[in-house]
Amino acid sequence: MVKVRYAGRRLAVAGAALAALGLGSLHAPAAHAAAPLFGAAATYDVGGANPASVAIGDLNGDGKPDLVTVNNGDSTLSMLLGNGDGTFRAPITRTVGSVPYSVAIGDLNGDGKSDLAVISAGTDNSIAAGDTSDSNAGIVSAFLGDGSGAFASAPLTRTTGGAFSVYGALGDLNGDGKPDLAVANYGGNTISLLAGNGDGTFITPTTRTVGTGPYSVAIGDLNGDGKPDLAVANAYGDNSVSVLPGGGAFGSYDAPTSFGASASYAVGTTPRAVAIGDLNGDGKPDLATANAADTDNSVSVLLGVGGGAFGVAAGQRSGSTPVSVAISDFDGDGKPDLVAANADGNDLSVLPGRGNGTFSPVVRFPVGLGPDAVVVGDLNGDGKPDLVAANAQGNSVSVLLNQSPNGGGGGGGGATPELGSGELLATGLVPALALLLYRRRRTLRANTMPRTTA
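So, about the overall build of the chain. A count of helical and extended segments in the chain gives two helices and 31 strands. Residue burial in the chain is summarised as follows: out of 454 residues, 53% are buried. Across the chain, every contact between residues at least 6 apart in sequence was considered, and the portion connecting residues at least 24 apart equals 50%. For the chain, the exposed area adds up to about 16900 Å²; of that, 50% sits on carbon and sulfur atoms.

One pass over the structure, following the stated rule, counts two salt bridges. Between Arg272 and Asp372 there is a salt bridge whose closest N-O contact spans 3.0 Å. Within this pair, whereas Arg272 is found in strand 18 (residues 271-277), its partner Asp372 is found in strand 28 (residues 371-377), the two being separated by 100 residues in sequence. Of the residues examined, Arg272 reaches a relative accessible area of 12% and is grouped as buried.

What follows deals with the packing of aromatic side chains. Here the structure, examined in full by the defined rule, presents nine aromatic pairs. With centroids separated by 5.4 Å and ring planes inclined at 85 degrees, the aromatic side chains of Phe38 and Phe365 adopt a geometry described as edge-to-face. Residue Phe38 is located in the loop between helix 1 (12-20) and strand 1 (42-45), and its partner Phe365 is located in strand 27 (residues 363-366); the two are separated by 327 residues in the primary sequence. Per residue, the accessibility class of Phe38 equals that of Phe365, and both read buried.

The biggest cluster of nonpolar side chains holds 18 residues, and the ones touching the most others in it are Phe38, Val339, Leu348, Val350 and Leu387. Every element with two or more residues in this core is listed here: strand 24 (322-328), strand 25 (337-342), strand 26 (347-351), strand 27 and strand 29 (386-391). Leaving out residues up to four positions away in the same chain, Leu348 has contacts with Val339, Ala340, Ala341, Asn342, Val363, Arg364, Phe365, Val367, Val374, Leu387, Ala389 and Leu400.

Checked against the element boundaries, Ser216 lands in strand 14 (residues 214-220). Among the polar contacts made by the side chain of Ser216, one reaches the main-chain carbonyl oxygen of Arg272 at a distance of 3.3 Å. Polar contacts involving the side chain of Ser216 include one to the main-chain amide nitrogen of Val274, which spans 3.3 Å. Leave out the neighbours within four places in its chain, and Ser216 touches Tyr167, Ala184, Ala231, Val232, Ala233, Arg272, Ala273 and Val274.

Averaged over every residue, the pLDDT of the chain is 81; residues scoring 70 or more account for 76%. Note that pLDDT drops below 50 for residues 1-33; the model gives that stretch 48 contacts with residues more than four away or on any other chain.

A sheet is described by the order of its strands in space; here four strands give the open sequence 10-11-12-13, paired in antiparallel fashion. In this open sheet, the two edge strands, each paired with only one partner strand, are strand 10 (165-171) and strand 13 (206-209). Between one strand axis and the next, the sheet turns through 20 degrees on average, direction left out of account. Of the pairings in the sheet, the one linking strand 10 to strand 11 (residues 180-185) comprises five bridges and is antiparallel in character. Directly across from Gly168, in strand 11, lies its bridge partner Val183.

The next point concerns the sheet that holds strand 5 (residues 92-95). Here we have four strands laid out as an open sheet, ordered 2-3-4-5, and antiparallel in their pairing. The open sheet has two free edges, formed respectively by strand 2 (51-57) and strand 5, since each of these has just one partner strand. On average, each strand axis in the sheet is inclined to that of its neighbour by 20 degrees, with strand direction left out of account. Inspection of the sheet shows strand 4 (residues 76-80) paired to strand 5 by four bridges, in the antiparallel sense. Residue Leu77 lies in a different strand from strand 5, and its bridge partner there is Arg94.

Attention now moves to the environment of Ile119. Take Ile119: it is sitting in strand 7 (residues 115-120). Taking relative accessible area as the criterion, Ile119 reaches 2% and is therefore assigned buried. Once the C-alpha coordinates of Ile119 and Val103 are considered, the two residues, 16 residues apart in sequence, prove to be 6.3 Å apart. Setting aside its immediate chain neighbours within four residues, Ile119 contacts Pro100, Tyr101, Ser102, Ile139, Val140, Ser165, Val166, Gly168, Leu181 and Val183.

It is worth spelling out the environment of Gly345 at this point. When you line up the elements, Gly345 lands in the loop between strand 25 and strand 26. Considered as a pair, Gly345 and Thr321 are 24 residues apart in the sequence and their alpha carbons are 7.0 Å apart.

Structurally, Thr270 can be placed in the loop between strand 17 (257-258) and strand 18. Those residues in contact with Thr270 that lie beyond four places of it in its chain are Ala235, Tyr236, Asn239, Ala290, Asn291, Ala292 and Ala293.

The rules behind these values
Starting from 1, residues in each chain are numbered consecutively following that chain's sequence as written. Only residues with pLDDT of 70 or above have their local features reported here, since the model is predicted, and side-chain atom pairs are shown and tallied only from 80 upward, although totals for entire chains, interfaces and linings are computed over all residues. In computing side-chain values, all of the structure's heavy atoms are included and hydrogens and water are not. Put simply, DSSP marks the helices as runs of H or I at least four residues long and the strands as runs of E at least two long, and each gets a number from the N terminus on. Relative accessibility decides the category of a residue: with a 1.4 Å probe and only protein chains considered, values under 20% of the type maximum give buried, values over 50% give exposed, and everything between is partly exposed. Residue contacts are counted whenever heavy atoms from the two residues lie within 4.5 Å of one another. All accessibility values rest on the Shrake-Rupley procedure with a 1.4 Å probe; residue burial counts only the protein chains present in the view. A carboxyl oxygen of Asp or Glu within 4 Å of a side-chain nitrogen of Lys or Arg is what we treat as a salt bridge. The aromatic pairing rule takes the rings of Phe, Tyr and Trp, using the six-membered ring of Trp, and pairs them if the centres are within 6.5 Å, calling planes under 30 degrees apart stacked, those over 60 edge-to-face and the rest tilted. Put simply, buried Ala, Val, Leu, Ile, Met, Phe, Trp, Tyr and Cys residues joined by side-chain atoms within 4.5 Å make one nonpolar core. In the analysis that follows, any N or O atom pair within 3.5 Å is treated as a polar contact, provided that within protein one partner can donate a hydrogen and the other can accept it, and provided that, for residues neighboring in sequence, both atoms belong to side chains. Per-residue confidence from the predictor is reported as pLDDT, which spans 0 to 100. If DSSP finds at least two bridges between two strands, the strands pair. For helices, the fitted line uses only the C-alpha atoms of the stretch in contact; every axis is such a line through C-alpha atoms, and the angle between N-to-C directions lies from 0 to 180 degrees.

This is the structure in structure tokens:
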């Protein structure tokens, strides 16, 4: 195996590799190296312990994106108001429900101002792998905003109807124009559906049984009928994704279709998150999961075949313990890319899409300690998608601003491009050299190096 690591190694190593492949010697970096895809991370303390989730939205009505985290280590919520240039002010914290796991931003009462919906697990902040027996009642807390960045002193709260509620999604699930909630209940193998009344309160929840240990939920039209459907990542036991086709009213949600081994649609081990997007440009929604305990440290991609059905999952190498995943076009080439947060790698992995449902080798970007979530948004108003990671172990968020030109992008800026297991790794400097060596090796079809498709 040939490895080239520029951080802490002499460039002579790279030169030797070039000579071995008949490419001459290395004297200096290329004059036109690939532009950095993201700049170095700027990290901000959140003022709370163990931020588990982060959301982007305009909390104070100034037209500039702000950040909000929920911190399950001390049951607080942190708000970081944005300056409009991708930087943020000191955090404002407040106490929320017991052990919050996720937060969503939306107008819950129809007054045109941003509100917060916080999902809290209950009285125990520990999740044992494979143990889904926790019976703590989940809580949803609605914090109504006044448009200035301040929120009502007393939130509107109710139980979720499920046990150990963790992550939720906000959307109009029943077509009445009012925001509703779908919540994954890890402790009861169910999801809860909470219809909004339009005033910040929710009606009595209904539940649907899904796979074992549901951890996150995403909303999208998966079968092309114009109505929102649900995709649920079942983190423990059957390692599956459940899909619930929506009929436009809560009573018409059908039984979930499970994508576990029995249906030959298994995903990787311990899928902690699921995202929806058209990854191959065929107009049909696809799914991606972040597999936290997968031995290949992978994300799984399931391409949609129409009618809400999906093909066999394909694994894509990510980083160490991927726990969160999102979809966007980061390099401006019109093809969707993936980003995953790697909890044990202390970095984010970007997988550039090829437009056919497969991905180029990952490019890793360092962030704070133990990133537990990643979200995408334009933080500085340049029209490009930026990244925010919630660093659970570092009690911080990391902000990475997109620096790629429209229509192109690449490694650099402290990133680590990976060219497949057993192939070539290059760190930091001269990412173009790594790509050159990789392409040259493939052209020569050398038999002395194992080849794994990234």
